Amino acid sequence: MARTENSTLIKGENLTLRSIEEKDIKPLWRLIYGEKEGPPEWKKWDAPYYPLEPHTVESYRSHENARKERLKEGEPDSRLLLEVEGEIIGTITYYWEHKPSLWLEVGIGIYNPAYWNGGYGTEALTLWIDHLFNSLPIARVGLTTWSKNERMMKVGEKLGMKLEGRMRKCRIYEGEYYDSIRLGILREEWNQRKQKAISSK
């Protein structure tokens, strides 16, 4: 992992996580919002019960700049690009559910369906969670999804996350009720997994 004053670069085997630059704004906006009417394919799985906030390229640029300005000195960048062989495929984030108690959650969006089911989400979140445990004095990393998004639930399982909560039938989408799923992993559990992975090599 490399970090300058204003940027982060984390390289994995198959993808790279890096800070968003000015040159990325337009292609990232196009990838998120698409060119067609109606919600893009990725949004049907990523909390579709929340509407996609409308943005022009300019308002998206302002939104992204404001996010960076909210970061405190020494705080890790809260949103990075996912890049595969120079192609932007999505973003990965963290946010504070409750910052005073260091309750942190992560999220990921792979906007290009061609990269679904290829292990990119698992690799990206592995790099990201490791980075966050190394950068912040947190005891836990959480991930929230919903019961229709079985892919994300499987990714959480691969990461060693435990099911910490299931709020039943609290999400309604297209006339059907779904559960909200809370997953999480503790620092000591993460470190144990890392040790086991190293030992097995």
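Rules of the game
- Residues numbered from 1 in each chain as written.
- Predicted model: local features only at pLDDT ≥ 70, side-chain atom pairs only at ≥ 80, totals over all residues.
- Heavy atoms only, no water.
- Core = buried A, V, L, I, M, F, W, Y, C linked by side-chain atoms within 4.5 Å.
- Buried < 20%, exposed > 50% of the residue type's maximum accessible area, 1.4 Å probe, protein only.
- Helix = DSSP H or I, 4+ residues; strand = E, 2+ residues; numbered from the N terminus.
- Contact = heavy atoms within 4.5 Å.
- Phe/Tyr/Trp six-rings, centres within 6.5 Å; stacked < 30°, edge-to-face > 60°.
- Lys NZ or Arg CZ within 6 Å of the ring centre and 35° of its normal.
- Expected span 1.5 Å × (residues − 1).
- Arc of directions from axis to C-beta.
- Polar contact = N/O pair within 3.5 Å; in protein donor to acceptor, adjacent residues only side chain to side chain.

S.K.: Can you help me understand the nonpolar core in this one?
M.R.: Considering soluble globular proteins, one finds that nonpolar side chains tend to be buried as a cluster. Of all hydrophobic cores here, the largest spans 33 residues; its most connected members are L17, I92, V106, L125, W128 and V141. For this core, the secondary structure elements donating two or more residues are β4 (79-84), β5 (87-98), β6 (103-110), α3 (120-135), β7 (140-146), α4 (150-158) and β9 (176-186). The element best represented in this core is α3, accounting for seven residues. Look past the residues within four positions of V141 in its chain and what remains in contact with it is L104, V106, I129, F133, M161, L183, G184 and I185. Ranked by size, the runner-up nonpolar core spans twelve residues in total, among them L28, W29, Y60 and I88.

S.K.: Any chance you could explain the packing of aromatic side chains here in plain terms?
M.R.: Aromatic ring pairs: the centre-centre distance and the angle between the two ring planes describe each pair. Overall, the coordinates contain eleven aromatic pairs when judged by the stated rule. Here F133 and W190 contribute two aromatic rings whose centre-to-centre distance is 6.4 Å and whose plane-to-plane angle is 40°, an arrangement assigned as tilted. With a gap of 57 residues between them, F133 in helix α3 and W190 in helix α5 (residues 187-199) connect regions that are remote in the sequence. W190 carries the same exposure label as F133, and that label is buried. With centroids separated by 5.0 Å and ring planes inclined at 80°, the aromatic side chains of W146 and Y178 adopt a geometry described as edge-to-face. One end of the pair, W146, is in strand β7; the other, Y178, is in strand β9, and 32 residues separate them in sequence. Here the two residues W146 and Y178 agree in accessibility, since each one is buried. Put simply, the rings of Y49, Y50, W146, Y173 and Y178 touch in pairs and so form one group of aromatic residues. Lying over the aromatic face of W45, K148 brings its terminal NZ or CZ to 5.5 Å of the ring centre. Over the ring of W45 we find R151, and its NZ or CZ is 5.0 Å from the ring centre.

S.K.: Quick question: what am I supposed to make of unusual backbone geometry here?
M.R.: Among all residues save glycine, negative phi is the norm, and among peptide bonds the norm is trans. A positive phi angle is found at L102, which is not glycine, with a value near 60°. In this structure, L102 sits in the loop between β5 and β6. Looking at L102, the relative accessible area reads 33%, which means it is partly exposed. Although it is not a glycine, E174 sits at a positive phi angle of roughly 50°. Tracing the chain through its elements places E174 in the loop between β8 (162-173) and β9. A relative accessible area of 64% places E174 in the exposed class.

S.K.: Please clarify how the side chain of S180 should be interpreted in this entry.
M.R.: Tracing the backbone through its elements, the reader meets S180 in strand β9. Beyond its immediate chain neighbours, meaning those up to four positions away, S180 contacts T144, T145, W146, G165, R166, M167, C170 and R171.

S.K.: Help me understand helix α2 (residues 57-70) in this model?
M.R.: Each α-helix winds once per 3.6 residues, and so residues spaced three or four apart point in a common direction. If you check α2, its first and last C-alpha atoms are 20 Å apart, about what 14 residues at 1.5 Å a residue would give, namely 20 Å. All of the buried residues in α2 are V57, Y60, R61, E64 and R67. On an axial view of α2, the arc spanned by its buried residues comes to 125°, and they lie on one face. Turned more than 90 degrees away from the buried face of α2 sit E58, E69 and R70, all of them exposed. On its buried face, α2 sits against α1 (25-33) and β4.

S.K.: Hey, could you run me through the side chain of S19 in this one?
M.R.: Here S19 is to be found in strand β3 (residues 16-19). Judged by relative accessible area, which is 3%, S19 ranks as buried. Of the polar contacts made by the side chain of S19, one reaches the backbone nitrogen of T8; its length is 2.8 Å.

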